[in-house]
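Remarks on the overall topology
This is what each chain is made of:
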Amino acid sequence: LNQSFIKGLENFGVSWRSSLSFAGGSRGLLGDIPVFDSFGYVSFEVLAFQNGNSLWNVEIHSASHNFSTILFQLDIYVIPVNNAPSFDMPTSVSVLEDSDRTLILAFAYNISAGPLDERWQQVHFLLIPWKQVSPSYFELEPTLSANGTLELWPVNDYSGVTRWNVSLADNGGTENGGRNISE
């Protein structure tokens with residue numbers, strides 16, 4: 001609120017109060033009604049995982065002069081930021097030596113692109129071998145499909161341990177500090 005406007009009201013002996021009323025957009029974007037402090041600054045809380053706009057009428061009222069008017073509309077726009085995808089999986093898996101192609105259904109589970117507003121995103125797993133993992137240990141490099149199915153096909157007569165870093169990526173981007181790869 002403009003300080004000179006407020007001082008002008010007070011100089012004319014007008015007792016006044018300001019208020020905000022919801023005018024459009026998403027009311028569920030904010031935790032409570034925005035508040036103006038005595039200096040005219042507005043404060044509000046954005047609810048977690050919310051984005052979009054919320055439009056508010058800034059009104060001034062004077063009971064002593066039977067006066068009320070909308071001064072302006074405050075449009076609060078919260079820019080969406082991509083949240084990292086997530087998943088769970090066991091820390092190890094074993095297959096028998098000389099086994100053929102092996103599918104382990106639901107090896108990765110609780111696969112999520114993020115909160116509800118990010119369910120449209122597509123996800124895919126990244127399998128990155130640690131050092132000393134030779135592709136010759138497998139007929140085909142291991143894969144982990146978006147539905148959590150792990151596919152392994154070790155070469156015949158190989159036994160041992162290989163280590164892989166597994167991450168989940170989505171196509172939501174990294175604009176505005178967003179994250180598109182799980183931790």
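Please refer to the structure placed before this passage.
Residues numbered from 1 in each chain as written. Predicted model: local features only at pLDDT ≥ 70, side-chain atom pairs only at ≥ 80, totals over all residues. Heavy atoms only, no water.

1. Here's the deal with the overall build of the protein
The line we're drawing: To qualify as a helix, a DSSP run of H or I must reach at least 4 residues; to qualify as a strand, a run of E must reach at least 2; elements of each kind are numbered from the N terminus. Relative accessible area decides the class of each residue, using a 1.4 Å probe on protein chains only: under 20% of the type maximum gives buried, over 50% gives exposed, and in between gives partly exposed. Contact between two residues is taken to exist if any of their heavy atoms lie within 4.5 Å; hydrogens are not considered. A 1.4 Å probe and the Shrake-Rupley method give the accessible areas. Residues count as covered only by the protein chains that appear here.
The secondary structure content of the protein amounts to one helix and 12 strands. Along the protein, from the amino end to the carboxyl end, the secondary structure elements read α-β-β-β-β-β-β-β-β-β-β-β-β. Within the span of the protein, comprising 183 residues, buried residues form 32% of the whole. In the protein, once contacts between residues fewer than 6 apart in sequence are set aside, the share between residues at least 24 apart is 61%. For the protein, the accessible area works out to roughly 11800 Å², and carbon and sulfur atoms hold 54% of it.

2. Notes on the layout of surface pockets
Operational definition: Here the term cavity refers to a set of points on a 1 Å grid, laid over the protein atoms alone, in which a 1.4 Å probe fits but cannot get out; the term pocket refers to an open set having protein on both sides within 12 Å along at least five of seven lines, with lining residues being those that place an atom within 4 Å of a point. Grid points are joined across faces, edges and corners, and a volume is the space filled by probe spheres set on the points. Residue polarity follows a fixed list, in which Ala, Val, Leu, Ile, Met, Phe, Trp, Tyr, Cys and Pro are nonpolar, Asp, Glu, Lys and Arg are charged, and the others, Gly among them, are polar.
Looking at the largest pocket, its volume works out to about 700 Å³. S92, V93, L152, T162 and W164 are the residues nearest the centre of the largest pocket, which is lined by 25 residues in total. Those elements giving two or more residues to the lining of the largest pocket turn out to be β11 (150–152) and β12 (164–170). Classifying every residue of the lining of the largest pocket by side-chain character gives 17 nonpolar, six polar and two charged. Approximately 210 Å³ is the volume attributed to the second largest pocket. For the second largest pocket, the lining is made up of 14 residues, of which N51, P80, V81, N82 and E118 are closest to its centre.

3. A closer look at the packing of aromatic side chains
The condition that has to hold: Pairs were defined over the aromatic rings of Phe, Tyr and Trp, the Trp ring being its six-membered one, requiring ring centres within 6.5 Å. Orientation was assigned from the angle between planes: stacked under 30 degrees, edge-to-face over 60, tilted for the rest.
Per the stated rule, a full pass over the model turns up four aromatic pairs. Taking 5.0 Å as the distance between ring centres and 90° as the angle between the ring planes, the aromatic pair formed by F87 and F125 counts as edge-to-face. Of this pair, F87 sits in strand β6 (residues 86–88) while F125 sits in strand β9 (residues 123–129), placing them 38 residues apart in sequence. Taken as a pair, F87 and F125 share a single burial class, namely buried.

4. Quick notes on the sheet that holds strand β10 (residues 143–144)
In a beta sheet, neighbouring strands pair by backbone hydrogen bonds and run either parallel or antiparallel. This is how the line gets drawn: When DSSP finds two or more bridges between a pair of strands, those strands are recorded as paired.
Within the open sheet, the three strands sit side by side as β7-β11-β10. Their pairing is antiparallel. Lying at the two open borders of the sheet, with one neighbouring strand each, are β7 (102–104) and β10. The pairing of β7 with β11 spans three bridges and is classified as antiparallel. Directly across from L103, in β11, lies its bridge partner E151.

5. Quick notes on the pairing of strand β4 (residues 52–62)
Two faces make up the sheet, and in a regular strand the side chains alternate between them. Judged by how many residues are buried, β4 sits mostly within the fold: nine of 11 residues are covered. Of the pairings in the sheet, the one linking strand β1 (residues 17–25) to β4 comprises eight bridges and is antiparallel in character. Each residue of the ladder has a partner; that of S19, found in β4, is E59. Examined bridge by bridge, β4 and strand β5 (residues 67–78) share 11 bridges and lie antiparallel to one another. The residue bridging G52 from the neighbouring strand is V78, located in β5.

6. A few points about a nonpolar patch on the surface
Here is the rule we go by: Nonpolar side chains (Val, Leu, Ile, Met, Phe, Trp, Tyr) within 5 Å and like charges within 9 Å form the patches, drawn only from residues with over 30% relative accessible area and no salt bridge. Salt bridges, as used here, are contacts in which a Lys or Arg side-chain nitrogen is within 4 Å of a carboxyl oxygen on Asp or Glu.
A cluster of nonpolar residues, V42, F44 and V46, forms a patch on the protein surface that exposes about 200 Å² of accessible area. Relative to the elements of secondary structure, V42 occurs in strand β3 (residues 42–43).

7. Some points on unusual backbone geometry
With phi around 50°, N110 is a residue other than glycine that occupies positive phi space. Residue N176 is not a glycine yet carries a positive backbone phi of 55°. Considering the arrangement of structural elements, one finds N176 in the segment after β12.

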